[in-house]
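Below are the chains, spelled out letter by letter.
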Amino acid sequence: MLKNFKVLSILSLIIVSAVACTSDQAEEAGGVATIKVMPEDIVAPAEIMDDVSFIPLLIPEGAQINLFGFDPKVAITDYMYISTGDFRDGSLHQFDLDGNFVQTINRTGKGPGEYERIDELRQDREGNIVIATVPQYLHLYSPQLDYKETIDTPREYYFRDFADYGNGKWFFATDQHKGMNDAGYWPNFGIFDSATDSVSFLDIMASPIAFSLGEGAMARFKEGFVLNFGASDTLFHFANDEVRALYSLDLAGRNLPKSIKDNRDEDIMERILMEQSHSLNLGFVATLDQYIKMKTFGLIKTEFNPEDPDFNPSDLPVHDVFINSETNAVKAINSLGNFGSNDVISEGYFYQFLYMEQWQNMIDKNTLGDELTAKLVEASESLNDQEDPIMLRYKISF
């Protein structure tokens, strides 16, 4: 979560945004493959997106459902579950996988089966829906939204991202600075054991600048997890209670130097963004099959002014980067989704929630190419209200 208001004012606007690379994009450095992400790796989305669907969310006329203006929280099992991301709104909306509305629940409160607010939304290994009220509780509900249990979590750690680790354990990323050393680095990935009410941390330390980007994100990968965090030059793999470097990242030869990562000046991130002086790993990660997805800022330089009335967020140099872990090939596209929200993976697909401003911008700019844009237009015409959102579902292939 971004802490600096000026940075937030810029990055919160990142809402929408042809040479194939082969295995020679990776170089070995100390036994760890270096993935080079270069401007020439940026391709049209249609070149790598496969089996694309646009699912209109069919909100009944007159229903009191407000899905506007915030960073939505989404979980998908046999249904789609959506929270607005507004801490003041405890509603959880359920849709089927065709976009038909099923029900809304709002169980705000402090009694059994209730939650104070919805800060994060996930699904566990059993398909249960997990509502996190940080920094204190995980509330588990069945796919039919029947209450199952509440798990107390340590109050001193905010679960910015988390996943079911099995046997009553939860893997989490945190922005809390407990354990920070004199240089401002802190352990940002931990394991909470609900049976013993204990916490242990991985041997990874986030730099001070990560606190202004993404403190930590995780995605299931090869019987473990891929780990990422803001400004990191490395993607990590955690499995069997051990962590190792998976990939070293070379972002167009413009990675942040250590001197900037160690800088605690609250204005440093704003200067980097406005000057586009370096390329940034934004700390996001998602996985599907052999593909690892991350987000970057500044692979290329663009002209933008957030104060310009004609400013369009898609002008920002934010890219979705995909790594094929079987070949180490890499491709990038202009970012399709919201900066702050993680993609949801379910049944072999990436899912991306699109506000009206996002899908309309894709249509106006023909971002996805003629064929996919025509499908998006058709989906938008099926909405009950032309300001309602659409769920993008797709695979990646290259």
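Look up a bit, the structure's there.
What counts and what doesn't
- Residues numbered from 1 in each chain as written.
- Predicted model: local features only at pLDDT ≥ 70, side-chain atom pairs only at ≥ 80, totals over all residues.
- Heavy atoms only, no water.
- Helix = DSSP H or I, 4+ residues; strand = E, 2+ residues; numbered from the N terminus.
- Rg over C-alpha atoms; globule rule 2.2 N^0.38 Å.
- Buried < 20%, exposed > 50% of the residue type's maximum accessible area, 1.4 Å probe, protein only.
- Areas by Shrake-Rupley, 256 points an atom, 1.4 Å probe, with all protein chains shown as cover.
- Pairing = 2+ DSSP bridges.
- Axes fitted to C-alpha atoms, helices over the stretch in contact; angles between N-to-C directions.
- Contact = heavy atoms within 4.5 Å.
- Lys, Arg positive; Asp, Glu negative; His and termini not counted.
- Salt bridge = Lys/Arg side-chain N within 4 Å of Asp/Glu carboxyl O.
- 1 Å grid on protein atoms, 1.4 Å probe; cavity = no way out; pocket = protein on both sides within 12 Å on 5 of 7 lines; lining within 4 Å.
- Points joined across faces, edges and corners; volume = space filled by probe spheres on them.
- Nonpolar A, V, L, I, M, F, W, Y, C, P; charged D, E, K, R; others polar.

Engineer: How would you explain the overall build of the chain if you had to name every residue and give the values?
Structural biologist: When helices and strands are tallied, the chain shows five helices and 29 strands. For the chain, whose C-alpha radius of gyration is 20 Å, the value lies close to the compact-globule estimate of 21 Å for 398 residues. Expressed as a percentage of its 398 residues, the buried residues of the chain come to 57%. Carbon and sulfur atoms form 45% of the exposed surface of the chain, whose accessible area is close to 16800 Å².

Engineer: Let's hear about the sheet that holds strand 28 (residues 349-354): which residues, and what values?
Structural biologist: In a beta sheet, neighbouring strands are held together by backbone hydrogen bonds and run either parallel or antiparallel to one another. Within the open sheet, the four strands sit side by side as 3-29-28-27. Their pairing is antiparallel. If you trace the sheet from one side to the other, it starts and ends with strand 3 (49-56) and strand 27 (344-346), each paired once. Within this sheet the neighbouring strands show an average axis-to-axis angle of 25°, counted without direction. Direction of pairing for strand 28 relative to strand 29 (residues 390-396): antiparallel, over a ladder of five bridges. Looking at strand 29, one finds that Tyr-351 is bridged to Arg-393. Its contacts with the sheet place helix 4 (residues 356-365) against strand 28 and strand 29, and it is angled at close to 105° to strand 28. Along the sheet, helix 5 (residues 370-381) makes contact with strand 3 and strand 29, crossing strand 3 at roughly 15°.

Engineer: Account for unusual backbone geometry, naming residues and giving values.
Structural biologist: Although it is not a glycine, Asn-167 adopts a positive phi angle of roughly 55°. Topologically, Asn-167 is positioned in the loop between strand 12 (161-166) and strand 13 (169-173). Positive phi is not limited to glycine here, since Asp-241 has a value of about 65°. When you line up the elements, Asp-241 lands in the loop between strand 20 (234-239) and strand 21 (242-251). Taking the relative accessible area as the measure of exposure, Asp-241 reaches 55% and is therefore exposed.

Engineer: Residues and numbers for the pairing of strand 4 (residues 73-76), please.
Structural biologist: Residue alternation in strand 4 divides its side chains into two sets, Lys-73 and Ala-75 and Val-74 and Ile-76, and both sets are buried. Across four bridges, strand 4 lies against strand 5 (residues 80-83) in antiparallel orientation. Along strand 5, the bridge assignment pairs Ala-75 with Tyr-81. Linking strand 4 to strand 5, which pair antiparallel, is a turn of three residues.

Engineer: Lay out the side chain of Asp-388 in plain terms, naming residues and giving numbers.
Structural biologist: Locating Asp-388 in the fold gives a position in the loop between helix 5 and strand 29. Of the side chains with opposite charge, Arg-88 lies nearest to the buried Asp-388, which makes no salt bridge, at 18 Å. Leaving out residues up to four positions away in the same chain, Asp-388 has contacts with Leu-57, Ile-59, Phe-68, Met-356, Trp-359 and Leu-383.

Engineer: Quick rundown of empty space enclosed by the protein? Include the residues and the values.
Structural biologist: When its volume is computed, the largest cavity comes out at roughly 50 Å³. What lines the largest cavity is Ala-231, Ser-232, Asp-233, Leu-251, Asn-255, Leu-256, Lys-261, Ser-279, Leu-280 and Asn-281. Of the residues belonging to the lining of the largest cavity, the class tally is four nonpolar, four polar and two charged.

Engineer: How would you summarise the sheet that holds strand 10 (residues 137-141) if you had to cite specific residues and measurements?
Structural biologist: On the basis of which strands lie adjacent, the open sheet formed by four strands has the order 8-9-10-11 and antiparallel pairing. Because the sheet does not close on itself, it has two edges, and the strands there are strand 8 (120-123) and strand 11 (147-152). Strand-to-strand twist in this sheet, taken as the mean axis angle between neighbours without regard to direction, amounts to 20°.

By themselves, these are just geometric observations and shouldn't be taken as functional.
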